[in-house]
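Chain by chain, the residues:
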Amino acid sequence: MSLNSIGYIVKETGRNLIYNTWMTLASVSTVAISMFVLSFFLVLTVNMNHVTSVLQSQVEMRVFIKPHVSRAKEMTLLRDSRHWSGVAKMQFFTKQEAANTLKKEFPNQKNLLTLISKSNPLFDGFNVYTKRPSDIPALASRFRKQPIVHNVIYEGQVVSRLSRLSVILKWAGWGIEGLLGLATLFIIVNTIRLAVFARRREVSVMKLVGATDWFIRWPFVLEGLILGLVGAIVADIVVGQGYHWLLFEASNALPFWPMASFHQVMQKTQDFTLGGGLLVGVLASIVALRRFLRV
Amino acid sequence: MIRFENVSKRYANGHYGIIDVNLEIRRGEFLFLVGPSGAGKSSLIRLLYREDVPTTGEIYLDEFRLTQLKRRHVSRLRRQLGVVFQDGKLLTNRTVYQNVAFAMEVVGASGRDIHKRVPQVLELVGLSKHHNHYPHQLSGGEQQRVGIARALVNNPVYIIADEPTGNLDPETSFGIIKLLQEINRRGATIIMATHAKDIVNQMHKRVVAVENGRIIRDEARGVYGYES
Ligand SMILES: Nc1ncnc2c1ncn2[C@@H]1O[C@H](COP(=O)(O)OP(=O)(O)O)[C@@H](O)[C@H]1O
Ligand SMILES: [Mg+2]
């Protein structure tokens, strides 16, 4: 295809889009809404996965030692408890190491970071890996009875519930997205149909003077692509601003909730919305041309 | 060269447009296609530019065999043809210049070629002064000249006109025919369906008469031959 033709096609596409202002706006908005909902589910999923992986990377059970207990006493408990039934592995950490781990888990929490850098309020402790998950409750209470132990926490149940929830979310998301996708397809198809209708005289003259089929089709295909892409970009901008705001609010309201980072989220949503926008645009073009543009 | 071999066209509703037509048209000819309304003139012309396909028989146009022509190659055939209609089929939202340039744009001509060629063609059809006018600002004859300019602009070998003077008064019609004659002198083959008896009789060109879908007369320097 020559440069002249490309110039012509781009010009005609622009003409179509501007001529049908309202349909153009309607199409872009539906794509944007549909992509926004897609992004909403993606943001949820990414965050669920983030929380799950943060929790999973945490050990099965953590035993915290009271402050100001001597290192020697800590080591005695460590040596003894290694042989308790159900214990697979033990790992000692200092409160400094605990602080470093926290920093990794909550990179967005500036307040928290300055707090633990100034005076570390955390505890020394043990990571305890059990042979079986069912060993956890008994071991936990045994550790709690030790005089130097401050407290014991474990979160195995949370992890398994979270991963079940994220599976449900995923399917609900795809279901809703399927319906929205159909609605989007429908409205873009109609937009292209109107453009074809508005240009039926041009199209008939083009055929008469020997324009090729694809020369006639391209402006309409391009129209579908642009509608899909612009809708996706609008959705991305809204989602980007929205998540930025959410991160800010969450860092105040839920300081210890591990939110997925801005980049983690946007990478995922951008891939899906741009891909989705292009896909729906191309599909709509194909449907519209098959049904309404008999060249 | 164009050749019809035993061509019939039967429409979906069972009516025949043309029946068993044999016809040969050489390059450079000027041919009138005459006959009463409903005779089959338009049917024959639509077959030529591959708007329709023959039901039986074969049409040859230079290197093309029209029944074998793939749909995606129809554009190649049409670039050999310039088609003119009674209603002009002009684009109302474009000027005279843009209407003519459009035909070049959509076959991928460069901007430079368009700027050079369009004024030449407008000059030839006598519309240089009107290049910025919209179709509704023109008389019927002038509109028809725009249609002819658009048919001409890509230098087709064949000009096919279906009653191009159908809406025009005799004097204006005569102007259009003179223009087509000039184009013919410059080398294009002209095939024109018409009702205009006086013009056909004056021009002494080849006349092919059609009635009820059949060719009933084919004369080298003919006359209209009907009392209409
Ligand atoms: N698209 C069509 N469908 C059905 N019949 C048609 C169609 N076009 C033309 N005809 C029929 O074919 C015959 C020839 O018509 P046409 O070619 O238009 O004649 P002319 O152009 O000489 O007036 C007529 O009987 C007409 O009714
Ligand atoms: Mg007719």
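Right, let's walk through the structure included here. Here, residues in each chain are numbered from 1, in the same order as that chain's written sequence. Here every chain gets a letter starting at A, and every ligand a number starting at 1, in the order they are written. Totals for whole chains, interfaces and linings use all residues, but because this is a predicted model, local features are given only for residues with pLDDT of at least 70 and pairs of side-chain atoms are given and counted only at 80 or more. Excluding hydrogens and water, the side-chain figures rest on all heavy atoms present in the structure.

Looking at the environment of Q143 of chain B
All names here are of chain B.
Piece 1. Put simply, DSSP H or I for four residues or longer makes a helix, DSSP E for two residues or longer makes a strand, and each gets a number counted from the N terminus. On the secondary structure map, Q143 appears in helix α5 (residues 140–152).
Piece 2. Three exposure classes are used, based on accessible area relative to the maximum for each residue type with a 1.4 Å probe and protein chains only: buried under 20%, partly exposed in between, and exposed over 50%. Overall, the relative accessible area of 28% leaves Q143 in the partly exposed class.
Piece 3. For the pair Q143 and L90, spaced 53 residues apart in the sequence, the C-alpha separation amounts to 7.9 Å.
Piece 4. Contacts are assigned to residue pairs with any non-hydrogen atoms lying within 4.5 Å of each other. Excluding its chain neighbours within four sequence positions, the residues that come into contact with Q143 are L90, P135, H136 and L138.
Piece 5. A distance of 3.4 Å separates a polar atom in the side chain of Q143 from the backbone oxygen of L138. Counting of polar contacts relies on pairs of N or O atoms within 3.5 Å, with two restrictions inside protein: one atom must be capable of donating a hydrogen and the other of accepting it, and residues adjacent in sequence are counted only when both atoms are side-chain atoms.

What about the sheet that holds strand β10 (residues 214–219) of chain B?
Within a sheet, adjacent strands bond to each other through the backbone by hydrogen bonds, running parallel or antiparallel.
Residue and element names in this part refer to chain B.
Piece 1. Reading across the sheet, the six strands line up as β6-β7-β8-β3-β9-β10 and stay open at both edges, with mixed pairing between neighbours. Each edge of the open sheet is held by one strand with a lone partner, namely β6 (81–85) and β10. Averaged over all pairs of adjacent strands, the angle between their axes in this sheet comes to 15 degrees, without regard to strand direction.
Piece 2. Pairing of strand β7 (residues 158–162) with strand β8 (residues 189–194) involves five bridges; the strand directions are parallel. From the neighbouring strand, A161 faces β8, where its bridge partner is M192.
Piece 3. Seen against the sheet, helix α1 (residues 41–48) touches β3 (30–34), β6, β7 and β8 and runs at an angle of roughly 150 degrees to β7. Strand pairing is assigned whenever DSSP detects at least two bridges linking the two strands. For every element, the axis is a line fit to its C-alpha atoms; helices are fit only across the contacting stretch, and the angle between N-to-C directions ranges from 0 to 180 degrees.

A short note on the interface of chain A and chain B
Piece 1. Counting residues at the interface gives 22 residues for chain A and 24 residues for chain B.
Piece 2. For any pair of parts, buried area is found by adding up, for both, the accessible area (1.4 Å probe) each one loses once the two are put together. Here chain A and chain B share an interface that buries about 1,900 Å² over both sides, 53% of which is from carbon and sulfur atoms.
Piece 3. The three residues of chain A that bury the most area against chain B are V205, L208 and V209 of chain A, which together make up 33% of that side's buried surface.
Piece 4. Salt bridge, as used here: a side-chain nitrogen of Lys or Arg that lies within 4 Å of a carboxyl oxygen of Asp or Glu. Taken together, the links from chain A to chain B amount to four salt bridges.
Piece 5. With a shortest N-O distance of 3.7 Å, E12 of chain A and R94 of chain B are connected by a salt bridge.
Piece 6. Linking chain A with chain B are eight residue pairs in polar contact (both at pLDDT 80 or more), by the criterion used here.
Piece 7. At seven residues, helix α8 (residues 200–209) of chain A tops the list of elements feeding residues into the side of chain A that touches chain B.

What about the side chain of S8 of chain B?
Residue and element names in this part refer to chain B.
Piece 1. Structurally, the position occupied by S8 is in strand β1 (residues 2–10).
Piece 2. The buried category is assigned to S8, whose relative accessible area is 10%.
Piece 3. A polar contact of 2.8 Å, which involves the side chain of S8, links it to the backbone nitrogen of D20.
Piece 4. If sequence neighbours within four positions are ignored, S8 has contacts with Y16, I18, I19, D20, P54, T55 and T56.

Points about the site of ligand 1
Residues and elements named next belong to chain B.
Piece 1. Nearness is judged by heavy atoms alone; a residue qualifies as near a molecule or strand once a single heavy atom is within 4 Å of it. Lining the immediate environment of ligand 1, one finds 14 residues, of which G38, G40, K41, S42 and S43 sit closest.
Piece 2. Its free accessible area being 550 Å², ligand 1 has 67% of it covered by the protein chains.
Piece 3. Elements with a minimum of two residues in the shell around ligand 1: β2 (16–25) and α1.
Piece 4. Looking at the shell around ligand 1, the element that brings in the most residues is α1, giving four residues. Surface accessibility follows the Shrake-Rupley procedure with a 1.4 Å probe radius. Residue values consider only the protein chains on display as shielding.

Any link to function would need more than the numbers given here.
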